[in-house]
Amino acid sequence: MDTVRIHLIESIIICVFLLLIVSTYMLNVTSSYSANLYGTGHRMLDFDIKAVSPSKINVDEMLATSRNETLRKRCGSRFYNGTINSNTWDRFPPRIKPRLHFSDEHKLIACTIPKSGSTSWIKALLMADGIVNVSTPNEIEQEDAYKLGMKHRYLWLHFNHTSKHGKAEINRRLNDYYRIIIVREPLERVVSAYLDKVVHGKNIYAKLAHSLHKGTDGITTFEEFVDSIISRPSFTYDIHWNLYESICDPCRLQYHYIVKLETMSQDVKYVSKMTGIDSHLLISEKTTERVSSLEHTWKIKYRKYLEDLPIEKVKKLYKIYSKDYELFGYPVPSYILPPKNNSKSVRGGRL
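Rules and cut-offs
- Note that residues are indexed from 1 along each chain, following the sequence as it is written.
- The predicted origin of the model limits local features to residues at a pLDDT of at least 70 and limits the giving and counting of side-chain atom pairs to 80 or more, whereas totals for whole chains, interfaces and linings rest on all residues.
- Side-chain metrics in this entry use all non-hydrogen atoms of the structure; hydrogen atoms and water are not considered.
- Strands here mean DSSP runs of E at least two residues long; helices mean DSSP runs of H or I at least four residues long; both are numbered from the N terminus.
- Each residue is assigned to one of three classes by its accessible area relative to the maximum for its type, calculated with a 1.4 Å probe on protein chains only: buried under 20%, partly exposed between the two thresholds, exposed over 50%.
- Residue exposure ignores everything except the shown protein chains as possible cover, and the areas themselves are Shrake-Rupley values with a 1.4 Å probe.
- Salt bridges are defined by distance alone: a side-chain nitrogen of Lys or Arg within 4 Å of a carboxyl oxygen of Asp or Glu.
- At least two DSSP bridges between two strands are required for those strands to pair.
- Here, axes are lines fitted to C-alpha atoms. For helices the fit covers the stretch in contact, and angles between N-to-C directions go from 0 to 180 degrees.
- Two residues qualify as a contact provided that any one of their heavy atoms is within 4.5 Å of a heavy atom in the partner residue.
- By definition, the arc is the one covered by directions from the helix axis to the C-beta atoms.
- Buried Ala, Val, Leu, Ile, Met, Phe, Trp, Tyr and Cys residues form a nonpolar core when they are joined through side-chain atoms within 4.5 Å.
- We call two N or O atoms a polar contact when they sit within 3.5 Å, provided that within protein one can donate a hydrogen and the other can accept it, with sequence-adjacent residues counted only if both atoms are side-chain atoms.
- Confidence scores per residue from the predictor, reported as pLDDT, run from 0 to 100.
- Disulfide: a pair of cysteine sulfur atoms within 2.5 Å of each other.

**Here's the deal with the overall build of the protein chain**
Here's step 1: Of the regular secondary structure elements, the protein chain holds 15 helices and four strands.
Here's step 2: Looking at the protein chain as a whole, 46% of its 351 residues are labelled buried.
Here's step 3: Element-wise, carbon and sulfur atoms account for 55% of the exposed surface of the protein chain, whose accessible area totals about 18800 Å².

As structure tokens, this is what we get:
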């Protein structure tokens, strides 16, 4: 499964870091032992404890570094490493700027991408800053979370981005707060958007579904939905299936940590450690168990939608979202790749 491949790649990277640490440890031991033999030491093994302290061997930090390095390399010359200035996005209206929600209590900024667990993060930020008085996130309705989040914790609307004072407040948070982005496997997100907004959509999404359907009865098929995506320019996409780069501008916002839906429980604990936000606001033990159990149902269900598409259409769909795969280190889905015995293999995440 693609999730297994993701974990395998990240595990290999972590193992390399650990091997380097062990090598440093052995070098220190050997050097100190040699010094002792020649009479320059006072202890049998006088190695540098600080070099191998458990606090230094932080797997989560290694994972953060690995993901950030992948992003930096894929951004190339577009990666900006200076002071962030809100003027960068002045030409865009507030709702088209990077989708940033914030917590003053925990000095945290999160780019909340729809269909990647965004509502859970918005609820957590609202509760953390005392905007809502509830005991659990489940008490907040999804529509209420969206409205309250936009009103009270959406960076570009909470402050007057056209005034000098407002810009100063925005820029202070952009540079001083811990910045995260939440992503998931890109084409699985497209399937999730289809099921939520087309199959079960209301209001404008119900009208959209009706306009996409070529038949006189039944529901809009996933293939019809995909046809609408591959036949239109990406700047016209709805935010629920728009590209990560368009929603969060990752090459210019230099996120400190990349949260992935596939490793949410692990990532949430790390963000909690870095910012102090209560991890239970984001993911409970029951949620962790549910996500784990869905590895063989939810992901297989989504994958089936993609595998059932005509190969030429799924390749076109992948090409549109290939940048999202590259920026965030997701492997090319196996249903995109040709058979192993085919010499024309895909390499480097491109078609």
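**Digging into the pattern of salt bridges**
Here's step 1: Counted by the stated rule, this structure contains 17 salt bridges.
Here's step 2: As a salt-bridge pair, Lys-167 and Asp-90 come within 3.0 Å of each other at their nearest N and O atoms. Of this pair, Lys-167 sits in helix H6 (residues 164-176) while Asp-90 sits in the loop between helix H2 (59-75) and strand S1 (100-103), and the two are 77 residues apart along the sequence.
Here's step 3: For Lys-167, a relative accessible area of 21% corresponds to the partly exposed category.

**Considerations on the sheet that holds S1**
Here's step 1: If you trace the four strands from one edge of the open sheet to the other, you get S1-S2-S3-S4, paired in mixed fashion. Of all strands in the sheet, those with a lone pairing partner are S1 and strand S4 (257-260), marking the two edges. Each strand of the sheet is rotated relative to its neighbour by a mean of 25°, with strand direction disregarded.
Here's step 2: Bridge count for strand S3 (residues 178-183) against S4 is four bridges, and the pairing is parallel. Residue pairing for S4: Ile-181 is matched across the bridge by Ile-258.
Here's step 3: The sheet contacts of helix H3 (residues 118-128) involve S1, strand S2 (108-111), S3 and S4, and relative to S1 the element is tilted by about 30°.
Here's step 4: In this fold helix H12 (residues 264-275) packs onto S2, S3 and S4, with an angle of close to 145° to the strand it touches most, S4.

**Here's the deal with helix H14 (residues 298-307)**
Here's step 1: Within the span of H14, buried status applies to Trp-298, Lys-299, Tyr-302 and Leu-306. The buried side chains of H14 occupy one side of the element, clustering within an arc of 95° when seen end-on.

**Details of the nonpolar core**
Here's step 1: If you look at the biggest cluster of nonpolar residues, it comprises 88 residues, and the most contacted ones within it are Leu-174, Ile-180 and Tyr-321.
Here's step 2: Apart from the residues lying within four places of it in its own chain, the contact partners of Tyr-321 are Pro-186, Leu-187, Val-190, Ile-229, Tyr-237, Trp-241, Asn-242 and Leu-243.

**Side note on the side chain of Asp-267**
Here's step 1: Within the fold, Asp-267 resides in helix H12.
Here's step 2: By relative accessible area, Asp-267 is classed as buried at 0%.
Here's step 3: Separated by 2.8 Å, the side chains of Asp-267 and Tyr-257 make a polar contact.
Here's step 4: Those residues within four positions of Asp-267 in sequence are excluded, and the remaining contacts are Leu-63, Arg-67, Tyr-257, Ile-258, Val-259 and Lys-260.

**A closer look at the environment of Tyr-305**
Here's step 1: Looking at the secondary structure, you find Tyr-305 in helix H14.
Here's step 2: Given a relative accessible area of 27%, Tyr-305 falls into the partly exposed group.
Here's step 3: What Tyr-305 contacts, discounting residues up to four positions off in sequence, is Val-191, Tyr-194, Leu-195 and Phe-222.

**Considering the confidence of the model for the protein chain**
Here's step 1: Predicted confidence across the protein chain gives a mean pLDDT of 83, with 76% of residues reaching 70 or more.
Here's step 2: Per-residue pLDDT stays below 50 along residues 21-57; that stretch engages in 25 contacts with residues further than four places along the chain or on separate chains.
Here's step 3: Within the model, the stretch residues 341-351 combines pLDDT values under 50 with 17 contacts to residues more than four positions away or in other chains.

**Some words on the state of the cysteines**
Here's step 1: The tally for this structure, following the rule as stated, stands at two disulfides.
Here's step 2: Across the disulfide from Cys-111 sits Cys-248; the S-S distance is 1.9 Å. The disulfide joining Cys-111 to Cys-248 has a torsion of about -95° about its S-S bond and is therefore left-handed. A residue pair is termed long-range when its members are at least 10 positions apart, and Cys-111 in strand S2 and Cys-248 in helix H10 (residues 244-248) qualify at 137 residues. Exposure class is identical for Cys-111 and Cys-248. Each is buried.
Here's step 3: Assigning the bonded cysteines of the protein chain consecutive numbers by sequence position, one obtains the connectivity 1-4, 2-3.

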